[in-house]
Each structure stands twice: as C-alpha cells, then as structure tokens.
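The primary structure of each chain is shown beneath.
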Amino acid sequence: MTIKELPTPCYIVDEGLIEENLKILAGVMERTGARILLAQKAFSMYALYPMIGRYLSGATASGLYEARLGAQEMRAPLEKEGKYCENHVFSPAYKEEEIPELLEYCDHIVFNSWNQVKKYGERAKALGKSIGLRINPECSTQEGHAIYDPCAPGSRLGVTRKAFEEGIRKDGGFLLSLLDGLHFHTLCEQDADALEETLKAVEEKFGGYLKGMKWINFGGGHHITRKGYDIPRLERCIRHMKEAYGLTVYLEPGEAVALNGGFLAASVLEVVHNGIHIAILDTSAACHMPDVLEMPYRPPLLHSGEPGEKPYTYRLGGPTCLAGDVIGDYSFDQPLQEGDRLVFGDMAIYSMVKTNTFNGMPLPSIVLKDRTGEYKIWKRFGYEDFKERL
C-alpha cells in the first residue's frame, strides 16, 4: 500500500521517526541516570508502546484509563521480556471509586493537594506505592499561551509554598512523612533555559524539603527532540538536582517522544472563491487537529509555502458548520483541484488523543508506517464509533 492508496483523512505514524526521538531520549537517560516517561496525554498509540518501553523507563497517566492503558500495553508485554516499566499517575483530584484500580496499575501516585494526600496517601503507602505531591513554584515562563501556564494566578495545579507550609503546620508534618517526591510541571514546548529558571524557583521555595525526598519529577513540556534544543543544559539541570539533593530525576515529555513523527493525510473536496481561494478538505481543524485552534498555530504542510510565496494561495478549511474551522492559508506551485491529496506534518502529538465527532465527522483512520516503509492500517472508525459515544 502506498500513501496515495490510503483512505483520507488518516493519521500516519512513522515508526522510524518515533524511534529516532527515543534514541535521543535514551541518550539523556544513559548519560545522566534520569528516568524518562512517556506522557500518554500527548501520544497514546499503544501499537508502539512496547518499542517505547524498551527505550524509556515507562509511562505516566492523567487518570484511570491512561493508567490502565500504560499498565496493559507497555508494562505487561515488557515484563514478559524481563524489563519492568514504571507506571505513574497524576490527577488534580481522584475519584474514590477509581482508587483501587489506580493502586493496582500504578507504582507512583502524585497528588495535587494535602487533602488528597490525607484521603488516599496512607492507603497507597500501605501497598508500597511511591507518593508524590505536585508543587507550584509560581514561576511563569510561558509567553502568549496562558491556557498552558500552570503557574498563572489562580491556577488549580500544584501546591504553592504558602499552602505547602500551611499543610505541614496543620498536621504536624505527618503527611510530609508520607511523601517520597515532589512533582512540578510548568513548561510547554520549551527549551532547557526555561527549566533552569524554574528549578531556581523550586530550590528557592522548596529546597529545604528536597533532601528528605527520594525523587523529583520535572514534568513535561521539554522539547528535547526538537532541532536546536539545548540538551547539555538539560543534563546539567538533572545532574545538579542529583548531586545537590541525592534525588532520582524523572521527566515525562509527551511531545518529545512523537515530535515530527506523524502526519495527517487529507483530500480536497471542493474549491470555492469568496475574495480569496478556499479549499474545503475532508479533515477538520476543530475535529481532527484541535490544537490548531487552541494554541493557535499553523501546522506544517508538505510541498507548500507561506501565503503569496508560491503562485497559488488558498485558505484550507474543514467541512463542518463551524465558521472558524480553518486550518490556515498556504500557497502552492499548482492550482488545487478536487481530489488532490495534502499531507500535514507533526500530527502524531495531541491529535489522535483529542479527536472528536462534532457534526458527525468521522474519526480519521490510524496508519502505521513501519521501519521497512510499509503502510499498515492500524485502526478504522465508522458510524458505530460516532453513535456509541452519544
């Protein structure tokens, strides 16, 4: 099967490109002793979990279903090969009825408040789980993406220093004695300079408690596999925390695992004109690439240019009723025609995990391009997938 024979729309995940990212991450682990986990919220194509688990230390989840997926599709198959993969979970708040399963699937449980530690910490500790608390170092390094800033004023994510110390005073330090580590996640698609700045704030506000801990988790948002990322600076940050406090260091990137590792193939359905040329595709920004509207950003498109760069410029939009279902403006060497195939880049991350069926839009098929270059359809979706969600 060739790319021209694939049904559209479809996500195409390139196994070889994912593996190149994993080799970079494995190199960081080997040189520093850090443990790197797949953040499933960004990439959950479990067909590749065994390969990912062979390179990384395991996976991290944002709730019960991801925790179960990581345990069943990464840890279980690799245990048969003699490798143990860690399975972590963090949630802003846990449901009582989900705790038994989470304690079955996960070895690290990170809580978001002292109250959550009080409710569930002793139970988890009794089962031998490693307990963590998410902190808020109140150090914003985001520019222009407030929706992704956990350190913004009024954030619900993480315990500030004031709340941290109030909790210790309130219970005499008992809950602190349950903790094995501290977790922070403040970055989004950022370089190691932002991590370095954040670590200074973490040490300033929480350094007095770090020497009593076993580990620290730097969270995600590290664009480690992006060209030009400052890996030596990242490794200095890791070594500093190990040497200064005797901590095991965890990182849990999602994007870095699958960055530039996938594509979204679409077809032109119609070309119309309303002051500008508009091509309507069989894929939707709102349904199939929602980060285009949320960030917002303009996804890369193979063999295209900026508006006006090439002779023919088009606005690319989806087939839904949402007026703002627009992917962006692109230029081409030739006029677009009905049936033309377009391929968007960097569509492995925050795409499959965020799809929806607004307007009854079909979900894109999922295709795996293996290391031999062969395309294999991994999943197809139809009417029942739409219907059963309602």
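The protein has the name Carboxynorspermidine decarboxylase in an unreviewed UniProt entry, where Candidatus Acetatifactor stercoripullorum is given as its organism. Taken directly from UniProt, the Cofactor (unreviewed entry) text for the protein runs: "pyridoxal 5'-phosphate".

J.: Honestly, the layout of surface pockets in this entry has me stumped. Any pointers?
T.: One way to see where empty space is left: roll a probe the size of a water molecule over the atoms. Considering only enclosed or pocket space, the largest pocket measures out at about 880 Å³ in volume. Lining of the largest pocket is provided by 41 residues; of these, K41, Y148, L157, H185 and Y350 occupy positions nearest its centre. Secondary structure elements with two or more residues in the lining of the largest pocket: β3 (58-61), β4 (86-90) and α10 (255-258). Ranked by residue count, the leading element in the lining of the largest pocket is β4, at three residues. Within the lining of the largest pocket, the residues separate by chemical class into 17 nonpolar, 14 polar and ten charged. In this structure, the second largest pocket occupies an estimated 550 Å³ of space. Lining the second largest pocket are 19 residues, with M352, V353, T355, I366 and F381 sitting closest to its centre. The set of elements that each furnish at least two residues to the lining of the second largest pocket consists of α3 (64-79) and β16 (375-379). When its residues are assigned to classes, the lining of the second largest pocket shows eleven nonpolar, two polar and six charged.

J.: For this particular structure, what's the right way to read the UniProt feature "binding site: substrate" (unreviewed entry) in the protein?
T.: Here the UniProt feature "binding site: substrate" (unreviewed entry) sits at E255 and D291. Of the residues just listed, which span 37 residues, no C-alpha pair is farther apart than 12.8 Å, and they cluster in one region. Checking the annotated residues one by one, the ones that line the largest pocket turn out to be E255 and D291. Mapping E255 onto the fold places it in helix α10. With a relative accessible area of 12%, E255 lands in the buried category. Ignoring anything within four residues of it in the chain, the contact list for E255 reads A42, E189, H223, I349 and Y350. A polar contact of 2.8 Å, which involves the side chain of E255, links it to the side chain of H223. Here D291 shows up in helix α12 (residues 291-294). Taking relative accessible area as the criterion, D291 reaches 11% and is therefore assigned buried. Once residues within four sequence positions are removed from consideration, D291 is found in contact with Y148, P296, Y297, Y350 and K354.

J.: Is there a simple way to think about the pairing of strand β11 (residues 277-281) in this case?
T.: Moving residue by residue along a regular strand, the side chains alternate between the two faces of the sheet. Both strand β10 (residues 262-273) and β11 contribute to a ladder of five bridges, which runs antiparallel. Paired with E270 across the two strands is I280, which belongs to β11. Hairpin geometry of β10 and β11 is characterised by an intervening segment of three residues between the two adjacent antiparallel strands and by a positive phi of about 85° at G275.

J.: Help me out: how do you make sense of helix α1 (residues 15-32) in this one?
T.: Since the α-helix turns once every 3.6 residues, residues separated by three or four places project in the same direction. Look at α1: 26 Å from first C-alpha to last across 18 residues, which is about the 26 Å you get at 1.5 Å a residue. Within α1, the full set of buried residues consists of E15, I18, E19, N21, L22, L25, A26, G27, V28, M29 and T32. Next to the buried residues of α1 lie β1 (10-14), β2 (35-39), α2 (49-55), α9 (231-245), α10 and β15 (365-369). After α1 finishes, the residue G33 shows a positive phi value of roughly 80°.

J.: Sorry, what's going on with the nonpolar core here?
T.: The nonpolar side chains of a soluble globular protein tend to be buried with one another. Counting residues in each nonpolar core, the largest one holds 98 residues, and the members touching the most others are F43, I52, F218, L316 and F344. With seven residues, helix α8 (residues 192-210) is the single largest residue contributor to this core. Excluding residues that lie within four positions of it along the chain, L316 makes contacts with A279, L281, L301, V326, I327, G328, Y330, F332, L336, L342 and F344. With seven residues, the next largest nonpolar core counts L6, C10, A265 and V343 among its residues.

J.: Please explain the sheet that holds strand β9 (residues 248-251) as it appears in this structure.
T.: Where strands meet in a sheet, backbone hydrogen bonds hold them as pairs that are either parallel or antiparallel. A barrel is described by the order of its strands in space; here eight strands give the closed sequence β2-β3-β4-β5-β6-β7-β8-β9, paired in parallel fashion. If you compare each strand with its neighbour and ignore which way they point, the axes differ by 25° on average. Here strand β7 (residues 181-183) runs beside strand β8 (residues 215-217); their pairing, made up of three bridges, is parallel. Opposite G181, over in β8, you have W215 as the bridge partner. Sheet contacts for helix α5 (residues 114-126): β5 (108-111) and β6 (130-134); angle to β6, the most-contacted strand, approximately 170°.

Thresholds applied
Residues numbered from 1 in each chain as written. Predicted model: local features only at pLDDT ≥ 70, side-chain atom pairs only at ≥ 80, totals over all residues. Heavy atoms only, no water. UniProt positions renumbered as here; feature names shortened; annotations may be inferred. 1 Å grid on protein atoms, 1.4 Å probe; cavity = no way out; pocket = protein on both sides within 12 Å on 5 of 7 lines; lining within 4 Å. Points joined across faces, edges and corners; volume = space filled by probe spheres on them. Helix = DSSP H or I, 4+ residues; strand = E, 2+ residues; numbered from the N terminus. Nonpolar A, V, L, I, M, F, W, Y, C, P; charged D, E, K, R; others polar. Buried < 20%, exposed > 50% of the residue type's maximum accessible area, 1.4 Å probe, protein only. Contact = heavy atoms within 4.5 Å. Polar contact = N/O pair within 3.5 Å; in protein donor to acceptor, adjacent residues only side chain to side chain. Pairing = 2+ DSSP bridges. Expected span 1.5 Å × (residues − 1). Core = buried A, V, L, I, M, F, W, Y, C linked by side-chain atoms within 4.5 Å. Axes fitted to C-alpha atoms, helices over the stretch in contact; angles between N-to-C directions.

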